[in-house]
Amino acid sequence: MVSGTVGTGTALGAVLLSLLAAPAQAATTAATGGADRVTTAAAAKLAAPDDAGLREVLRSAMAQGAPGAMARIDDNGTVHRLAEGVADRATGRALSNSDRFRVGSVSKSFSAVVLLQLVDEGKLNLDTSVNTYLPGLLPDDRITVRHVMSHRSGLYDYTDEMFAKTVPGFESVRNKVFTYQELVNLSLKKPLNNAPGAAYSYSNTNFVVAGMLIEKLTGHSVRTEYQNRIFKPLNLTDTFYVHPKTAIPGRHAGGYLTPDEAGAPLVDSTEQTVSWAQSAGAIISTTHDLDTFFSSLMRGKLMSAAQLTQMQQWVTVNSTQGYGLGLRRRDLSCGVSVYGHTGTVQGFYTYSFTSKDGKRSITALANTSNNGNVLTTMARTLDSAFCGKPTKAAARVAAPVERHEDIAPDIALN
Ligand code: REY
């Protein structure tokens, strides 16, 4: 469990004031939990993407057990597409960047965008109790919308128990349809992990509550709100929310879940309802559409500047990562900070991040999961995209191991 630096309403106000007063150079270092390393001006001078290094990373992920791995970099109009291995193990069809796939928790950033648009519309207040909008839902009136969106509510992650045994856990839910209330009830069987606001503790329950808020405040399903507010305006024609249907529409990558037992064959996990995640993780998309989404987000096309600032009030995850409101910040080995989200859903690992100015983006996918080596390797796609070819000094620094608890807390991947 990683405790986070906590920004109160008052402290945030002070931060905002200091942002207004600070010179440009200091403007990105004033957030609550850890500093952005690079200003917008410096971000414009990113080293060229390292395609050869990126290909080596994708091949490493395959050597570690992924049937396929791919990445797309959108660099200010120049596109780099790399793909290795197969989309479909049965037919041997090669993986391609036009294949759709399940993005897992990258969906949390979409849910956060809808909520922040509702703040812009005056329908939602970040520092108001969730129970004001959803009376009696949560056991503590002190849990605010901001706590939920930054994983500081303390709400237990019901997926810890659900997926304690990976393949049996998956098979027990793959065709199930849950209501949001049922998922919250699973969480509330356990006490809060921490007092509201006191610590960062990643939990899918938070973004199930986010889905409930979206439906309550708009009177529509999350699917309608994603479509009207994000998919259509950004022309994301390969992005879908099909819950509770089990198939991925059109041409897509198959997902292959790694069993806990060493040497056991991969399990085809492509088809499932993803009802256990819904607004926390059930969106389907492509590398192109996710690059467009995060680039548009950071360019300010999806919400007011004020809400984009709120989204980037960072709680400390660890020495190189922060969590905002449904948004991750990762500080890379070359000193560049990038913004986006990771996703894990059975058979699919996604990394999707963009630069501060949204001008360079990468989305990378490996079509396996429950394989910590592949997860750690795929994080290196970000270095290839934003840091260029490694210098000798940088090459000597070992890549940090991904913290499994930040994907599904308390579940060791291997
Ligand atoms: C759930 C476990 C992962 C997946 C999760 N995903 O919480 C959310 C996210 C939506 O953050 C599964 N792992 C795997 C296990 C471990 O079952 N026993 O790796 O596919 O993206």
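What you see is a predicted model, and the numbers here were worked out from it, not measured in a lab.

Draft legend 1. Summary view of the site of the ligand. Near the ligand lie 17 residues; those nearest to it are S105, F163, T166, T344 and S369. A distance of 2.6 Å separates an oxygen atom of the ligand from a polar side-chain atom of S105. The side chain of S369 places a nitrogen or oxygen atom 2.5 Å from an oxygen atom of the ligand. Coverage of the ligand by the protein amounts to 99% of the 530 Å² it exposes when considered alone. Here the shell around the ligand is composed, by residue class, of eight nonpolar, nine polar and no charged.

Draft legend 2. Quick look at the pairing of strand β7 (residues 315-318). Strand direction decides the pairing type here: β7 and strand β8 (residues 321-323), joined by three bridges, are antiparallel. Among the inter-strand pairings, V315 is bridged to a residue of β8, identified as Y323. The turn joining β7 and β8, which pair antiparallel and follow one another in sequence, is formed by two residues.

Draft legend 3. Structural view of the packing of helix α3 (residues 51-63) against helix α14 (residues 372-386). For the pair α3 and α14, the least separation of the axes is 9 Å and the interaxial angle reads 170°. On the basis of their axis angle, the class for α3 and α14 is roughly antiparallel. Contacts between α3 and α14 involve G53, L54, E56, V57, L58, S60 and A61 on the former and, on the latter, V374, T377, M378, R380, T381 and S384.

Draft legend 4. Here's a closer look at the sheet that holds strand β4 (residues 256-257). Strand order in the open sheet formed by three strands is β5-β4-β13, with mixed pairing between adjacent strands. Two strands lie at the open edges of the sheet, namely β5 (267-268) and β13 (368-369), each paired on one side alone. In the sheet, β4 pairs with β13 via two bridges, with the strands oriented parallel. Paired with Y256 across the two strands is T368, which belongs to β13.

Draft legend 5. Structural detail: the environment of L138. Position of L138 among the secondary structure elements: in the loop between α5 (130-133) and α6 (145-149). A sequence separation of 50 residues divides L138 from L188, and the C-alpha atoms of the two residues are 8.2 Å apart. Every residue in contact with L138, bar those within four places of it in the chain, is listed here: V130, N131, I143, L155, V184 and V209.

Draft legend 6. Representation of the packing of helix α4 (residues 106-120) against helix α11 (residues 222-231) in the model. Contact geometry for α4 and α11: axes closest at 10 Å, N-to-C directions at 80°. Put simply, α4 runs roughly perpendicular to α11. Touching S107, F110, S111, V113, V114, Q117 and L118 of α4 are E225, Y226, R229, I230 and F231, all from α11. Of the residues belonging to the contact of α4 with α11, the class tally is seven nonpolar, three polar and two charged.

Draft legend 7. Structural view of the confidence of the model for the chain. In the predicted model, the chain carries a mean pLDDT of 89, and the fraction of residues at 70 or more is 84%. Considering only residues more than four positions removed or in separate chains, one finds that residues 1-32, a stretch of pLDDT under 50, has 54 contacts. With pLDDT under 50 throughout, residues 408-414 is counted as low confidence; its partners more than four residues away or in other chains account for 22 contacts.

Draft legend 8. Molecular detail of the packing of aromatic side chains. Scanning all chains against the criterion turns up 10 aromatic pairs. Measuring from ring centre to ring centre gives 6.4 Å for F110 and Y226, while their planes differ by 75°; the resulting arrangement is edge-to-face. With F110 in helix α4 and Y226 in helix α11, this residue pair connects regions lying 116 residues apart in the sequence. No difference in accessibility class separates F110 from Y226, as the two residues are buried. Between the aromatic rings of F110 and F231, the centroid separation amounts to 6.0 Å while the plane-to-plane angle is 75°, which identifies the pairing as edge-to-face. Linking F110 in helix α4 with F231 in helix α11, this pair joins segments that are 121 residues apart in sequence. Taken together, the ring pairs in this structure connect F110, Y226, F231, Y241, F293 and F294 into an aromatic cluster. It is R89 that lies over the ring of Y256; its NZ or CZ is 5.7 Å from the centre.

Criteria and cut-off values
- Residues numbered from 1 in each chain as written.
- Predicted model: local features only at pLDDT ≥ 70, side-chain atom pairs only at ≥ 80, totals over all residues.
- Heavy atoms only, no water.
- Near = heavy atom within 4 Å.
- Polar contact = N/O pair within 3.5 Å; in protein donor to acceptor, adjacent residues only side chain to side chain.
- Areas by Shrake-Rupley, 256 points an atom, 1.4 Å probe, with all protein chains shown as cover.
- Nonpolar A, V, L, I, M, F, W, Y, C, P; charged D, E, K, R; others polar.
- Pairing = 2+ DSSP bridges.
- Helix = DSSP H or I, 4+ residues; strand = E, 2+ residues; numbered from the N terminus.
- Axes fitted to C-alpha atoms, helices over the stretch in contact; angles between N-to-C directions.
- Parallel < 35°, antiparallel > 145°, perpendicular 65-115°, else oblique.
- Contact = heavy atoms within 4.5 Å.
- pLDDT = per-residue confidence, 0-100.
- Phe/Tyr/Trp six-rings, centres within 6.5 Å; stacked < 30°, edge-to-face > 60°.
- Buried < 20%, exposed > 50% of the residue type's maximum accessible area, 1.4 Å probe, protein only.
- Lys NZ or Arg CZ within 6 Å of the ring centre and 35° of its normal.

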